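Structure at a glance
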Amino acid sequence: MKALTQGRYLGRDGEAALFDVGLGHTLIVRILEGDIGRVTLKPQDGYRLDRGWSIAPGGLEPAYEGRLRDSLEGFSCPKASVSEENGTVTLSAGGLTAEVTLSPFGIAWRRAGEDKPFLQDRTTQAYLVSPRTGAVAHFMARDYTERHYGLGDKAGPLDRTGRRFAIDAVDPCGFDAELSDPLYKMLPFFIVDGPMGAHGLYYDNLATGSVDFGCTLDNYHGLFRSWKGDDGDLDYYVMAGPTVPDVVRRFSWLTGGQAFAPLWSFGFGVTSMAIADAPDADARISDFIGKLETHRIPCDSFHFGSGYTQIGHRRYAFNWNRDKFPDPKATMQRLNDAGIFTVANLKPCLLDDHPRLKETLDGGFLVKDGKTGEPAVAQFWDGLGFHLDYTNPKGRAWWRDGIETALLDYGFTTVWNDNNEYEIWDEDAVCDGDGRPFRQALARPAQPLLMTKLSYEAQVARQPAKRQYSVTRGGCAGISRYAQTWSGDNETAWKTLRYNLTQGLNMSLSGMFSIGHDVGGFHGPTPGPELFVRFNEFCSLWPRMVMNSWNDDGVVNLPWMYPEMVPQVREAISLRYRLMPYLYTLMWRASRDGTPAIRPLLWDFPQDAMAVKTDDAFMLGPDVLVAPVLEEGARERSIYLPKHEGGWYDWHDGKHFAGGAVATVAAPLGRLPVFVRAGALIPLGNPEGIDDQREVLVCGLVEGATGELYEDDGETVDWRGAGGTVIRFRVRGGEIAIEQEGADAPFVDRIAIRQIGEAVGPR
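Residues numbered from 1 in each chain as written. Predicted model: local features only at pLDDT ≥ 70, side-chain atom pairs only at ≥ 80, totals over all residues. Heavy atoms only, no water.

**Observations regarding the overall build of the protein chain**
Stated precisely, the cut-off is as follows: Under the DSSP-based scheme used, a helix requires at least four consecutive residues in state H or I and a strand at least two consecutive residues in state E, with every element numbered from the N terminus. The globule rule used for comparison is 2.2 Å times the number of residues to the exponent 0.38, while the radius of gyration itself is calculated over C-alpha atoms. Only protein chains enter the accessibility calculation, which uses a 1.4 Å probe; a residue whose area is less than 20% of its type maximum is buried, one above 50% is exposed, and one in between is partly exposed. When checking whether two residues touch, look at their non-hydrogen atoms; a contact exists if any pair is within 4.5 Å. Shrake-Rupley sampling with a 1.4 Å probe provides the accessible areas, and residues are treated as covered by the protein chains on show and by no other component. Just so you know, the count uses Lys and Arg for positive and Asp and Glu for negative, and it drops His and the chain ends. We put the charge of a Lys on NZ, of an Arg on CZ, of an Asp on CG and of a Glu on CD.
Along its length, the protein chain carries 13 helices and 52 strands. Here the protein chain has a C-alpha radius of gyration of 26 Å; the compact-globule value for 763 residues is 27 Å, and the two agree. Taken along its principal axes, the extent of the C-alpha atoms in the protein chain is 75 × 70 × 50 Å. Scored against the burial criterion, the 763 residues of the protein chain give a buried share of 63%. Of all intrachain contacts in the protein chain linking residues separated by at least 6 positions in sequence, the fraction that spans at least 24 positions is 68%. Summing over all exposed atoms, the protein chain offers an accessible surface of approximately 26,200 Å²; the carbon and sulfur share of this is 49%. Between the centroid of the 78 positive side chains of the protein chain and the centroid of its 102 negative side chains there is a distance of 2 Å.

Here is the structure:
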């Protein structure tokens, strides 16, 4: 690679400052908002890829064709001042300043009122390009006290400092949640938190690459971190913070936010490859419905594994195996009659003997080998196959027709977009690009994003008056606009609990707010009774709780797999439904304001050094601390409770604990350690399932304390407006005052009050 070390100021282009940095490259610095800066490197021959699909400021939806890289639509672009003095060009707007040093070339970013930069390029070779391969790189100075978060579904501890990660995507079935890399998503966004507060960077590049948070040490450059793209464009966004919540909310806004799913999607769900793969699959589903009633397990969704598409042992999108499912509509109706919504697994690769392959070949809408014009071959389940090209309008029309006629017409509620990492390793693979072809390697994760967008829109067209729910495993920044996601095909192991926790927290900090984990572990040995119960406890309070498995011995993870543990499993699921009104309100907030429901303790307690270091527990909203049992054989749990005036209460017995200290509580099987913050007013529901039973838990009567409950019909598309009601609670004069905003008719008739703890003074 060649270093771009010398710059020459070329002048302004509107509110941007332009620099000649050599080798025919122009570097453009802009301030898009008072807290968002942007740096774009433009080659003289034009961008490697002139469009993207992730940037959607304020929900400004990109077309299938993509958003042009030079577009400024959706940004306010405040009026900028530019000055040049002593080899430094200073660009300022809206409270943000970029100081550009011409020799050696580099940029430092400052917030208004601060005399030190919060982000600074390293002074030695900050920008590198490869005219031969198209690779690009950016190197920044690093302080040894800084912490690093983000990158989506990466494995390992919460703080990613000292590690290097691949920006890539594969199908790592049974992955090690501590060490495996890469996983499913390609998301080069990260947060840096340290002495100068927090800031974030997002690289709008959809090629493979890497991010290094100090794994590499080089004596010639001092401490640094870096991003490298194997191809594509250097185009990065700076989110100025100055807090972690500020960065996360802004990144969510930048990439279009989180879709607000219908209420049923937050209920407990079940899927298993083994059920749909079985020759008597239809009978097994009937047995499943019966056992839910027998064991009094509430369940809101059944996710069909791909076995419903089988011919022999191979799987074929949009095919129904009529031996296993003689009457698919009747199967769906039985589930619907039991109050269960249905989700269809769908994969984007067509095997080389797919019954409908000729249609796709004749239509010419598979990803192609640019040299031969033939479909690009990829290894997939059960053999070789070809991937649908969602950048081809004919391909989208064919796929959408399949969703409608083979899935929705048969009664499926929605689509689970799976195995969509697009592992096409043919370097000559080309996408149609809606008539403007580009190399597949420049934008692999755009395909799963468009696949998910298409499934979401097909459902919206079918039921325009209802909010829709979609799921995707693969993708890039922007998938949250349409879908829920999860940590993937996790390993059945105790270690998985520990590191799925931090994996999920970093996903949440990366703008993926509707997330969860496969309950029980997806692949590996069948979980033993203790691990199975602890998995249910651990997963019970994440936005997604779906039991999913493909165990080595074929045993299916189901709530009753260990009869002696059914009460404990039921208790974990009941806790979820008990807190459902609180969780639903938090997810409404997540979609409305960009505030995740699940977050690390550092989110709510940034000034508490012990809380910042804690990564074996999580906050559910601002008031509930969850400390799952993560170790085999443990029957109690110790956890640091952050400093908080009034302290904390044990959810189960109301015992009071002081903040700023370690608490130890009993944790027998079936009892998830949960603590509630003094002063919290937490809306509760029926532990037996979703209904209109409501109660408010008053956690120590604290004068001036507030809480809220969002209510709607569970599916309205007008959730931002008159379709919903916000019920606010406030402690006034020792009483609970209740106020309602929004819809005229309340969605609940009665709210009971329950108190734990003693009344205390003003908060």
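**Here's the deal with the pattern of salt bridges**
Applicable threshold: One side-chain nitrogen of Lys or Arg within 4 Å of one carboxyl oxygen of Asp or Glu is enough to make a salt bridge.
A complete count under the given rule lists 64 salt bridges for this structure. The salt bridge involving Asp 20 is made with Arg 8; its shortest N-O contact spans 3.2 Å. Of this pair, Asp 20 sits in strand 3 (residues 16–22) while Arg 8 sits in strand 2 (residues 8–13); the two residues are 12 residues apart in sequence, bridging distant segments of the chain. Overall, the relative accessible area of 48% leaves Arg 8 in the partly exposed class. Between Glu 457 and Lys 453 there is a salt bridge, with the nearest N and O atoms lying 3.2 Å from each other. On the criterion of helical spacing, the pair formed by Glu 457 and Lys 453 is a turn pair, its members being four residues apart in helix 7 (residues 446–462).

**Digging into the UniProt feature "domain: Glycosyl hydrolase family 31 C-terminal" (unreviewed entry) in the protein chain**
This is how it is decided: UniProt positions are given in the numbering used here, feature names are shortened, and annotations may be inferred rather than shown by experiment.
UniProt feature "domain: Glycosyl hydrolase family 31 C-terminal" (unreviewed entry): in the numbering of this structure it lies at residues 594–682. For residues 594–682, the helix share is 10%, the strand share is 35%, and the end-to-end C-alpha distance is 20 Å.

**Observations regarding helix 1 (residues 244–254)**
In an α-helix, one turn spans 3.6 residues; hence positions three or four apart end up facing the same way. Taking burial as the measure, the 11 residues of helix 1 include eight buried ones, the bulk of the element. Considered for burial, the residues of helix 1 that qualify are Val 244, Pro 245, Val 247, Val 248, Arg 250, Phe 251, Ser 252 and Leu 254. A positive backbone phi angle near 100° is found at Gly 256, which sits one or two residues after helix 1.

**Let's talk about the packing of aromatic side chains**
Rules: Centres within 6.5 Å make a pair out of two Phe, Tyr or Trp rings, where for Trp the six-membered ring is used; the pair is then stacked when the planes are under 30 degrees apart, edge-to-face when over 60, and tilted otherwise. Look at NZ for Lys and CZ for Arg. If either is within 6 Å of the ring centre and within 35 degrees of the ring normal, a charge sits over the ring.
All chains considered together, the criterion is met by 48 aromatic pairs. Ring centres of Tyr 584 and Tyr 710 lie 6.0 Å apart, and the angle between their planes is 40°; this geometry places the pair in the tilted category. Taken as a pair, Tyr 584 in helix 11 (residues 580–593) and Tyr 710 in strand 49 (residues 706–711) lie far apart in primary sequence, 126 residues in all. For the pair Tyr 584 and Tyr 710, one class covers both residues: buried. Taking the ring centre of Phe 224 as reference, the NZ or CZ of Arg 122 above it sits at 4.7 Å. The ring of Trp 253 has Arg 250 sitting right over it, with the charged end atom 4.4 Å from the ring centre.

**Focus: a negative patch on the surface**
As a reminder of what qualifies: Patch construction takes residues with relative accessible area above 30% that form no salt bridge. Like charges are linked within 9 Å, and nonpolar side chains (Val, Leu, Ile, Met, Phe, Trp, Tyr) are linked within 5 Å.
Together, Glu 688, Asp 691, Asp 692 and Asp 749 make up a region of like negative charge exposed at the surface. Position of Asp 749 among the secondary structure elements: in the loop between strand 51 (735–742) and strand 52 (751–756). With a relative accessible area of 75%, Asp 749 lands in the exposed category.

**Some points on the sheet that holds strand 39 (residues 598–599)**
Definition in use: Here, strands pair whenever DSSP counts at least two bridges between them.
Ordered by their spatial adjacency, six strands build an open sheet running 39-40-41-46-43-44, and the pairing between neighbours is antiparallel. What marks the edges here is a single partner per strand, and that holds for strand 39 and strand 44 (656–657).

**Side note on the UniProt feature "domain: Glycoside hydrolase family 31 N-terminal" (unreviewed entry) in the protein chain**
Here, the residues flagged by UniProt with the feature "domain: Glycoside hydrolase family 31 N-terminal" (unreviewed entry) are residues 27–212. From the first C-alpha to the last, residues 27–212 spans 23 Å; its make-up is 0% helix and 43% strand.

**A closer look at the environment of Ser 480**
You can see Ser 480 is positioned in the loop between strand 34 (471–472) and helix 8 (494–509). We classify Ser 480 as buried; its relative accessible area is 7%.

**Description of the sheet that holds strand 2**
Keep this limit in mind: For helices, the fitted axis covers only the stretch in contact; all axes are lines through C-alpha atoms, and the angles between them, taken along N-to-C directions, range from 0 to 180 degrees.
The antiparallel open sheet is built from eight strands, whose spatial order is 2-3-4-5-21-18-17-15. Edge positions in the sheet fall to strand 2 and strand 15 (147–150), since each has one partner strand and no second. Each strand of the sheet is rotated relative to its neighbour by a mean of 20°, with strand direction disregarded. Alignment of strand 2 against strand 3, held across five bridges, turns out to be antiparallel.

**Notes on the environment of Phe 19**
Positionally, Phe 19 belongs in strand 3. The buried category is assigned to Phe 19, whose relative accessible area is 0%. Measuring from C-alpha to C-alpha, the distance between Phe 19 and Leu 102 comes to 8.7 Å, with 83 residues separating the pair along the chain. Sequence-distant contacts of Phe 19, that is, excluding residues within four places in its chain, are made with Arg 8, Tyr 9, Leu 10, His 25, Thr 26, Leu 27, Val 29, Val 89, Val 100, Leu 102 and Phe 105.

**Some remarks on the nonpolar core**
Put simply, the rule reads: Here, nonpolar core refers to any group of buried Ala, Val, Leu, Ile, Met, Phe, Trp, Tyr and Cys residues whose side-chain atoms link them within 4.5 Å.
Within the largest apolar cluster, 157 residues are counted, with the highest numbers of intra-cluster contacts made by Phe 288, Trp 399, Leu 620 and Ile 682. Here the element with the most residues in this core is helix 11; it accounts for eight residues.

**Quick word on the layout of surface pockets**
Rules: Here a cavity denotes grid points, spaced 1 Å and computed from the protein atoms alone, that fit a 1.4 Å probe unable to get out, and a pocket denotes an open set having protein on both sides within 12 Å along at least 5 of 7 lines; residues with an atom within 4 Å of a point are the lining. Grid points are joined across faces, edges and corners, and a volume is the space filled by probe spheres set on the points. Throughout this entry, Asp, Glu, Lys and Arg are counted as charged residues, while Ala, Val, Leu, Ile, Met, Phe, Trp, Tyr, Cys and Pro are counted as nonpolar. The remaining residues, Gly among them, count as polar.
There is about 560 Å³ of room inside the largest pocket. For the largest pocket, the lining is made up of 28 residues, of which Gly 256, Gln 258, Ala 259, Arg 481 and Arg 720 are closest to its centre. Contributions of two or more residues to the lining of the largest pocket are made by helix 1, helix 7 and helix 11. With four residues, helix 11 is the largest single contributor of residues to the lining of the largest pocket. In terms of residue class, the lining of the largest pocket is made up of 10 nonpolar, nine polar and nine charged.

**Section: the packing of helix 9 (residues 529–539) against helix 10 (residues 566–578)**
Defined as follows: Note that the term roughly parallel is reserved for angles under 35 degrees, roughly antiparallel for angles over 145, roughly perpendicular for angles of 65 to 115, and oblique for everything else.
Where helix 9 contacts helix 10, the axes come no closer than 9 Å and their chain directions differ by 5°. With respect to their mutual orientation, helix 9 and helix 10 come out roughly parallel. For the pair formed by helix 9 and helix 10, the contact residues are Phe 532, Val 533, Asn 536, Glu 537 and Cys 539 on the first element and Gln 568, Val 569, Ala 572 and Arg 576 on the second. When the residues that make up the contact of helix 9 with helix 10 are grouped by side-chain class, the tally is five nonpolar, two polar and two charged.

**Brief notes about the pairing of strand 22 (residues 268–272)**
Every other side chain in a regular strand lies on the same face of the sheet, so the side chains alternate between the two faces. With five of five residues buried, strand 22 lies mostly within the body of the structure. Here strand 22 shows two buried faces, one formed by Phe 268, Val 270 and Ser 272 and the other by Gly 269 and Thr 271. Relative to strand 37 (residues 544–547), strand 22 runs parallel, the two sharing three bridges. Paired with Gly 269 across the bridge in strand 37 is Val 546. In this sheet, strand 23 (residues 301–304) lies alongside strand 22 in parallel orientation, the contact comprising four bridges. Its bridge partner being in strand 23, Ser 272 is matched across the sheet by Phe 304.

**Let's talk about the side chain of Ser 549**
Just so we agree on the cut-off: Identification of polar contacts relies on pairs of N or O atoms within 3.5 Å, with a donor-acceptor requirement for protein atoms, meaning one able to donate a hydrogen and the other able to accept it, and with residues adjacent in sequence counted only if both atoms are side-chain atoms.
By the element assignment, Ser 549 lies in the loop between strand 37 and strand 38 (550–551). In this structure the side chain of Ser 549 is engaged in a polar contact, spanning 3.0 Å, whose partner is the backbone nitrogen of Asn 557. When near neighbours in sequence (up to four residues on either side) are disregarded, Ser 549 contacts Thr 271, Ser 272, Met 273, Gly 521, Phe 522, Val 555, Val 556 and Asn 557.

**As for the environment of Gln 440**
Looking at where Gln 440 falls in the secondary structure, it is placed in the loop between strand 33 (438–439) and helix 7. Along the primary structure Gln 440 and Gly 370 are separated by 70 residues, whereas in three dimensions their C-alpha atoms are 9.7 Å apart. The contacts of Gln 440, once residues within four sequence positions are left out, are Val 367, Tyr 422, Ile 424, Ala 429, Val 430, Cys 431 and Gln 447.

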